[in-house]
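Listed here are the chains, written in short residue letters.
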Amino acid sequence: FNVSHSENFVGIGITCNFKIGIDIQFIKKMDDIDGIVNRFFSQKEIAMLRETSPENKKDLFFTLWVYKESFIKAIGQGMRYPLEKFTIEPIKKNRAIVTDDSTDLSGWSFQEFNVSPEYKAAFAINTAQCEHITVCLSKNDIENLLNTIM
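Residues numbered from 1 in each chain as written. Predicted model: local features only at pLDDT ≥ 70, side-chain atom pairs only at ≥ 80, totals over all residues. Heavy atoms only, no water.

K.L.:
Explain the side chain of S116 here, please?
P.N.:
Structurally, S116 can be placed in the loop between β6 (109–112) and β7 (119–125). Within the structure, the side chain of S116 is placed 2.5 Å from the side chain of E118, a separation counted as a polar contact. (Helix = DSSP H or I, 4+ residues; strand = E, 2+ residues; numbered from the N terminus. Polar contact = N/O pair within 3.5 Å; in protein donor to acceptor, adjacent residues only side chain to side chain.)

K.L.:
Sorry if this is basic, but what is going on with unusual backbone geometry here?
P.N.:
Excluding glycine, a negative phi dihedral is what most residues carry, and trans is how most peptide bonds are arranged. If you check the backbone angles, E7 has positive phi at about 50° while not being a glycine. Structurally, E7 can be placed in the loop between β1 (2–6) and β2 (9–13).

K.L.:
Looking at this structure, how should I read the packing of aromatic side chains?
P.N.:
Two measures describe an aromatic ring pair: the distance that separates the ring centres and the angle between the ring planes. Counted according to the given criterion, the structure contains 14 aromatic pairs. Relative to W65, the ring of F41 lies with its centre 6.1 Å away and its plane at 20°, an arrangement referred to as stacked. Taken together, the residues span a long stretch of sequence, with F41 in the loop between α1 (33–40) and α2 (43–50) and W65 in helix α3 (residues 54–74) at a distance of 24 residues. One exposure class covers both F41 and W65, and it is buried. Through pairs of rings, three or more aromatic residues link up here, namely Y67, F71, Y81, F86, W108 and F110. (Phe/Tyr/Trp six-rings, centres within 6.5 Å; stacked < 30°, edge-to-face > 60°. Buried < 20%, exposed > 50% of the residue type's maximum accessible area, 1.4 Å probe, protein only.)

K.L.:
When you look at the pattern of salt bridges in this model, what are you seeing that I'm missing?
P.N.:
Any two side chains of opposite charge can pair if their charged atoms end up close together. Enumeration over the complete set of coordinates arrives at six salt bridges. As a salt-bridge pair, K57 and D34 come within 2.6 Å of each other at their nearest N and O atoms. Separated by 23 residues along the polypeptide, K57 in helix α3 and D34 in helix α1 bring together distant segments of the chain. Across the salt bridge formed by E45 and K68, the nearest N and O atoms sit 2.9 Å from each other. With E45 in helix α2 and K68 in helix α3, the pair connects residues that are 23 residues apart, well separated along the chain. When salt bridges that share partners are traced, they join D59, E112 and K120 into one network. (Salt bridge = Lys/Arg side-chain N within 4 Å of Asp/Glu carboxyl O.)

K.L.:
Help me out: how do you make sense of a nonpolar patch on the surface in this one?
P.N.:
Judged by side-chain polarity, F1, V3, V10, I12 and I14 come together as a nonpolar surface patch covering roughly 570 Å² of accessible area. Tracing the backbone through its elements, the reader meets F1 in the segment before β1. You can call F1 exposed: its relative accessible area is 72%. (Patch = residues over 30% accessible without salt bridge, like charges linked within 9 Å, V, L, I, M, F, W, Y side chains within 5 Å. Areas by Shrake-Rupley, 256 points an atom, 1.4 Å probe, with all protein chains shown as cover.)

Next comes the structure, spelled out in structure tokens:
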């Protein structure tokens, strides 16, 4: 399992057979996105952000950040794992892949999920097959899920 919280939301990822990481971030005002990007993002991600229009830059930044943080949490490394070592590549709406020149990461799946317009949230799981993911956004959703699996 894995847990994340930001402001008014908590995310919990639970699996039986896989590693999972989850991250949720409140989209806050950022005065120095470029400084954070240059320190923690791969060269390919830096190029993606430079090519993005100013009005979409903060959105892409937080999308990449929640994917990156969910991955390092899933592998159990947290911020000890160098974020600039791997690249998150969004491939379609709410999905991404991760690449690393030195490690095969093809078995990982990433998915973003909507919590609220003011938040970004995503999970990483070490399986290419993640069709059976349930996202619970309320106490009622969690109770219903637990009733179906117990």
